[in-house]
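Listed here are the chains, written in short residue letters.
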Amino acid sequence: RNFCKKRKEFLCWVISFPCLSLSFRSSLVIIMKTHLVLFAAATLLAFFGEEARAATVGRKAVVADLEADKAALGCAAKCKVCASDVPIPKPTDGSCPSTCPQPTASPSKTPTSSPNTTPTTKEPTASPTASPTASPTSGPSASPTASPTADPTASPTSGPSASPTASPTASPTASPTSSPIQRATGSPFISGGSNDFQVSRGCTPNPIQLCIAIDSSGSVCSGQSGNPCDNFVKERDFAVNLINGIESATVDGSTVPGHKFGLVQFGTSSSKKKPSSAGLVPASSVVDYLQNSMVYTGGYTNTAGAIEDCRENLNAAGGSNKVMVLVTDGTPTRPSSGPQAEATEQANIAKDTYGITILPVLVKTTSTDSSFLKSLGSLDELIHVDLFDQLNTLVGELTSLMFCGEDALAFARPSTGCAGDKQVLKKWEAGDFNDGDDQWTDGGSRAGVTGRSEIAGYVWVKKDGSESRWTSPEVQAPGAGSITVLYKTCMHNTESGDKWYIQVDFDDAGTWGNINTHTHETFSDNSFFDSDLDDNKCRDIVQTFDVDSATSMKFRLQGDMTSTNDYAYLGRFVVGFCPASP
């Protein structure tokens, strides 16, 4: 190239071009390699320079953090007397606060954007928060709310509320209760023997003229030793309790003065014991004789003589409200010629000629013609018990009968009287249940009406289920008060475990509760056969319950037996009402 520049000849440039080209390419390669080396070097220098600078900054930050932590530790040491659960703020200027930090007096006005992972305090707030939490708490609040909530909870609570609600619910529950209704009170044959029996208003407030005739025949003490035997002692005790019950009974809250009593004892013959001649005496004289002087005689059963002696006592005393109670365990056997005919004649004279109410009381421990004994009395049914031990259970029933007459069984209520006039709301006798406008309805093939002459017109149920029932029409209670139900029931061919119920439903709600449950075991005549089935095997039951206001109700007989050969019967049903005190 230098040569050609000096010669300035074209040919020289042409000749030297390959050389120049080769030199240029060589130079270009050298230049490119140099650039690559320089670029690589610059990249390495830049990378290691950044790392160095970052390391320098990191060392400075660590030093600053150490200094801050050192200051905080110094602050914590100064504040070690502060409450352990109060956080110590990290100072911003490296110095410790002059006093221990305290929580703020009131919560922050704006909630955090998300909840804390743990609660900020250990105690509940003094007042409820303005808005409910997003999710329910894991357990109930410590105390109930001061007022009931506007709407019920979605599900029932696991247990009852601490206190009852202020008002009853608007309507009854939709399903029947699993147990008998709690309002029913009383027991079969109202218990007596106490001195607090009260008679319902509307009953006669006149003094009672009563003669008691006590059976002293051989069958009373059959199989027992001692004189007197236990059964005879129980007869005497029953007479004492009956007299004391009448003396202490009240009508409209007051006792009735002027009761008079007589006592007759009969076996093979009959004799007046108190007084020893015709007439009546005060209660104390008869009670004293029963407890201290009366002895057992044995012998046959002269029922006619006992009725005649009591009639003479009552007739001689004069007055009204004359009653004879005849306690016996069997049918007449004396006089030897026509004992039953003689007893019937004397009973008719006493009832029809002298207006005496005769109440036979049968203790069914021997083979007895119950139908005949019932015919001697003044009522449609025979008052009876199965054992001498049960005589005292009749005191309340008999006392009410003496004051109130035949309908008294519908109002016999121990320790409670009527605040107003008693009423019979409905009454069905045998034959009425399936006849007339007020007839009951049967459930189906397992309910019917018996055609047996002994219990004609009684309705029956057998086995169980919806077809095994009889249901009454509606009965209307006029207001608050007590409902008394008297019914006659019995069974046939039942066995252990068989049951039948008397039930009530209020306001046609379909909620049936048991007034009473009867079982095979509670009826002693639990294995009698068709040949002995009669209404004297049935029992009069009295039950009472209260109603808070005017209400309608229905009743039903419901079977719960195991076989279609097991029967329960209903032969009488009376619904009475006593108004509550104003």
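Right above here is the structure, for reference.
Residues numbered from 1 in each chain as written. Predicted model: local features only at pLDDT ≥ 70, side-chain atom pairs only at ≥ 80, totals over all residues. Heavy atoms only, no water.

Turning our attention to the packing of helix α3 (residues 230-248) against helix α4 (residues 283-292). The geometry of α3 relative to α4 is characterised by a closest axis approach of 9 Å and an angle of 160 degrees between their N-to-C directions. It follows from the interaxial angle that α3 and α4 lie roughly antiparallel. Note that α3 runs across α4; the crossing there is left-handed. Taken together, the residues of α4 that come into contact with α3 (itself represented by Arg236, Ala239, Val240, Ile243, Asn244 and Glu247) are Ala283, Val286, Val287, Leu290 and Gln291. (Axes fitted to C-alpha atoms, helices over the stretch in contact; angles between N-to-C directions. Helix = DSSP H or I, 4+ residues; strand = E, 2+ residues; numbered from the N terminus. Parallel < 35°, antiparallel > 145°, perpendicular 65-115°, else oblique. Left-handed = near helix turned anticlockwise from the far one by under 90°. Contact = heavy atoms within 4.5 Å.)

To continue, consider the environment of Pro478. When you line up the elements, Pro478 lands in the loop between β15 (475-477) and β16 (481-492). Residue Pro478 is classed as partly exposed on the basis of its relative accessible area, which comes to 46%. Beyond its immediate chain neighbours, meaning those up to four positions away, Pro478 contacts Gln423, Leu425, Ala550 and Phe577. (Buried < 20%, exposed > 50% of the residue type's maximum accessible area, 1.4 Å probe, protein only.)

Within the element layout of this structure, Asp215 appears in strand β2 (residues 209-215). No salt bridge forms around the buried Asp215; measuring N to O, its nearest opposite-charge neighbour Arg334 is 12 Å away. Within the local environment of Asp215, its side chain forms a polar contact with the backbone nitrogen of Asp329, the two atoms lying 3.4 Å apart. Other than its neighbours up to four places away in sequence, Asp215 contacts Val220, Phe232, Glu235, Phe266, Thr301, Val327, Thr328, Asp329 and Gly330. (Lys, Arg positive; Asp, Glu negative; His and termini not counted. Salt bridge = Lys/Arg side-chain N within 4 Å of Asp/Glu carboxyl O. Polar contact = N/O pair within 3.5 Å; in protein donor to acceptor, adjacent residues only side chain to side chain.)

On inspection of all chains with the given rule, the structure shows 10 aromatic pairs. With 6.1 Å between their ring centres and 25 degrees between their planes, Tyr487 and Phe573 make a pair best called stacked. Placement of Tyr487 in strand β16 and of Phe573 in strand β21 (residues 567-579) is noted, with a sequence separation of 86 residues between them. Taken as a pair, Tyr487 and Phe573 share a single burial class, namely buried. Ring geometry for Tyr567 versus Tyr569: centroids 6.2 Å apart, planes at 15 degrees, classification stacked. Relative accessible area serves as the criterion here: at 4%, Tyr569 is assigned to the buried category. Over the ring of Tyr300 we find Arg334; its NZ or CZ atom is 3.6 Å from the centre of that ring. Its guanidinium or amino end placed over the ring of Trp512, Arg556 lies 4.1 Å from that ring's centre, counting from NZ or CZ. (Phe/Tyr/Trp six-rings, centres within 6.5 Å; stacked < 30°, edge-to-face > 60°. Lys NZ or Arg CZ within 6 Å of the ring centre and 35° of its normal.)

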